[in-house]
Every structure is written in C-alpha cells, then in structure tokens.
Amino acid sequence: MSEQELKALRVRIDSLDEKVLELISERARCAQEVARVKMASLAEGEVPVFYRPEREAQVLKRVMERNKGPLGNEEMARLFREIMSSCLALEQPLKVAYLGPEGTFTQAAAMKHFGHAVISKPMAAIDEVFREVAAGAVNFGVVPVENSTEGAVNHTLDSFLEHDMVICGEVELRIHHHLLVGENTKTDSISRIYSHAQSLAQCRKWLDAHYPNVERIAVSSNAEAAKRVKGEWNSAAIAGDMAAGLYGLTRLAEKIEDRPDNSTRFLMIGNQEVPPTGDDKTSIIVSMSNRPGALHELLVPFHENGIDLTRIETRPSRSGKWTYVFFIDFAGHHRDPLVKSVLEQISQEAVALKVLGSYPKAVL
Ligand SMILES: C=C(O[C@@H]1C=C(C(=O)O)C=C[C@H]1O)C(=O)O
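Summary of the structure given here. These figures come from a predicted structure and were not determined experimentally.

**Some remarks on the packing of aromatic side chains**
Move 1: What the rule picks out here adds up to six aromatic pairs.
Move 2: Taking the centre distance of 5.1 Å and the plane angle of 75° together, the rings of Y51 and F140 count as edge-to-face. Of this pair, Y51 sits in the loop between helix 1 (3-40) and helix 2 (53-66) while F140 sits in strand 3 (residues 140-147), and the two are 89 residues apart along the sequence. For the residue pair Y51 and F140, the accessibility class agrees, reading buried in each case.

**Examining the site of the ligand**
Move 1: All residues adjacent to the ligand are R27, V34, K38, F50, Y51, R52, R55, E56, M84, C87, L88 and E91.
Move 2: K38 has a polar side-chain atom sitting 2.8 Å from an oxygen atom of the ligand.
Move 3: Here an oxygen atom of the ligand sits 2.6 Å away from a polar atom, N or O, in the side chain of E91.
Move 4: Protein chains shield 90% of the accessible area of the ligand, which is 360 Å² for the free molecule.
Move 5: Contributions of two or more residues to the shell around the ligand are made by helix 1, helix 2 and helix 3 (73-91).
Move 6: Among the elements that take part in the shell around the ligand, helix 3 stands out by supplying four residues, more than any other.
Move 7: Residues of the shell around the ligand, tallied by class, amount to six nonpolar, no polar and six charged.

**Section: the sheet that holds strand 6 (residues 178-181)**
Move 1: One open sheet accounts for five strands, arranged 8-7-9-6-10; its pairing is mixed. The sheet is open, and its two borders are formed by strand 8 (215-219) and strand 10 (250-253), each paired with just one other strand. In this sheet, adjacent strand axes meet at a mean angle of 35° when their direction is disregarded.
Move 2: The strands touched by helix 9 (residues 222-230) are strand 6, strand 7 (192-196), strand 8 and strand 9 (235-239); relative to strand 9, the strand with the most contacts, the crossing angle is about 155°.

Rules behind the numbers
Residues numbered from 1 in each chain as written. Predicted model: local features only at pLDDT ≥ 70, side-chain atom pairs only at ≥ 80, totals over all residues. Heavy atoms only, no water. Phe/Tyr/Trp six-rings, centres within 6.5 Å; stacked < 30°, edge-to-face > 60°. Helix = DSSP H or I, 4+ residues; strand = E, 2+ residues; numbered from the N terminus. Buried < 20%, exposed > 50% of the residue type's maximum accessible area, 1.4 Å probe, protein only. Near = heavy atom within 4 Å. Polar contact = N/O pair within 3.5 Å; in protein donor to acceptor, adjacent residues only side chain to side chain. Areas by Shrake-Rupley, 256 points an atom, 1.4 Å probe, with all protein chains shown as cover. Nonpolar A, V, L, I, M, F, W, Y, C, P; charged D, E, K, R; others polar. Pairing = 2+ DSSP bridges. Axes fitted to C-alpha atoms, helices over the stretch in contact; angles between N-to-C directions. Contact = heavy atoms within 4.5 Å.

Here you go:
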C-alpha cells in the first residue's frame, strides 16, 4: 500500500471519528434528558430509578441484531456496553460491591455487566457483598454463583437464605487460568502454588501432570494468590489476566484449566425489581416438607406448563437437621401469567417459597 493511500484512509478515519464523537455526545445529552424527565415525573417521596437493566439488555440485543460486521456481535455490544455505562454515569454513577480484592474474576464480571464507568468496591467475602448491598452503601453487588467445572458456589447460595436480596441480572465469564510467576521467581525451584480452592480444583489434572509434588495452598482469592507470589522466589500462583496485570506477574503456562469451556456465572444483587424483557430468567428458593415425592411434586408444575428449568441446586436449610431448600432457576418472568400460575401451584405444596428475582438473560 502506498503512503498516499494510507494518508487518505487516515483522513477518512479522522473525519469518521469526528462524527462518532458528535453522535456519542448527542447520545449522552439524551441520557441527561432522560434523567431530567425521570426526576420531573417523581411522585412525592419517590426515589428515582436511573439504572434500568431491562432497557440496557434490550439496547444491547438490538445492537447485536442490527450489526452487519465486520466487527463481531459481541465486540460491538461490548463497545455499546461502555457507551451506555458512561451515559448512565452522567445520570447517576452506580456503586457496585464485588468479591475482591482487585483483580478477581468477579471484578471482571462486574465490568462486563455494568461497564467501566462505575464506582467499584472490593469486599473481602461473599457475605460482605450481601451486607454492603443490604446496608444501602452500594447500589448493587456482584457474586459468583456457579462454575461449569466445579458446580455451585455454596457461600452465595447460603447468603440468599440470610439476606433479603433481589437478583437483578446475570453474567457469564469464560475463566482462563494461568500459572503466574514474579520477577524474582526461580522457576525450577517452585515449591508452592497458591490459588483459590475453586481454581485449584479447576486445574487439578494439569497440576497433577506438571507439578505433582508441589504443595497447593488455597487462599481467599486468585488475586490474593498473585499478590503473595510477588514477594516470594519459590512460589507461583494460578490466576487470570486481570490479576496478572495488576500484580505485574508473567505467565509461565497459559490456559491451564482442565476444561476448555470452563465458565463461571455471576449474579447482580440489589433491591430493584426488574420488569420483563421477553427473554428473562427467574430464580426462586423453595423449601418442601421432608416426605417422599416432595421433589417430584415441586417439579411437575414446571413440566406440565412447559417451563424450561435451567438449574436446580439443593442446600441444607439451616433451620433443622436433614431439611433442605431447593434453589431453582427457570426461563420466564414472575409476572408472566404462566409463571404466576406455576408459582401459585408450588406455594400450595411448599413450606416456603421466595422469588429471588426475575432478570434479563445474560446478553453478553
Ligand atoms: C437512558 C436511560 O437510563 C440509563 C441509561 C441507558 C442508556 O444509556 O441507554 C439505558 C438505561 C438506563 O440504565 C433510560 O432509562 O433509557
């Protein structure tokens, strides 16, 4: 390509950028107008709701449907995710607590869902994320709920039994783990590998094959593992890209998770009910009396009404020995007439039924 051709293309890009810039600014002014209208139409004592997850899900879906390339749908939606995040911040900067410290996959999930224009607050434990939301110190919390290799995150499920929380959204993240070392690590003398217990489990076979005799030490998070390695010469950490970048570690081996499709699902928790989008999920907790056929009775109404169950998990109820609660996710919104009638049927059989929330299915 000649110098002249390049120059002409760059002039074109500059002029397109000017238009993109002007359009984004116009969009941002529109969002400011939306905020003004929301404020003006408040009833006495009513608190304004600036963040609308159902609307954001629709905007992103529309972008993906209309996108003609060459950028991929996900890539395009990610760009719009950030534009919306900045527009919303003009209305109200969201405060989001997540399972920290900085550099965790939960932080990456929070950024994927809300974009980067939020004020994010790392918490030391899942329960603290719940408490921070309950106390009103933040608008939303982000917690992991299940991993495709290792299953449920029990701390999260148990926290739902202790706090009244609304699930406002979900996001899924591909989890890639790397073996990370610091500048001073003697790579042939590694005698300890730090990581979160879930991550150690997700890389178990790889560790058995490559570091069978090295001590595996479970710490509170992958980011904590990365932090420890920074100051030690004989240790390595298993963590993801964010933690590697944050603590300046290098990858001794990449993508060492045993299953290449290793993914984690995260939930956004808050206290805002989300209206239907037409493509939603609902999460409920049900406790049944301990008698034969109870689980069958619970599941039949879903089957008979053609409602797609996406997940069912059992946990001890914590209110009696050998009594259990079921965490159930299914397609649909609790305001859909069909879902409403199924929930009514179940509540007749159940000891207790609680809707944790209906929320848009993950778009990104
Ligand atoms: C502009 C609005 O407020 C927020 C910002 C949005 C956006 O930038 O598109 C979408 C939904 C809300 O989270 C709105 O409610 O439409």
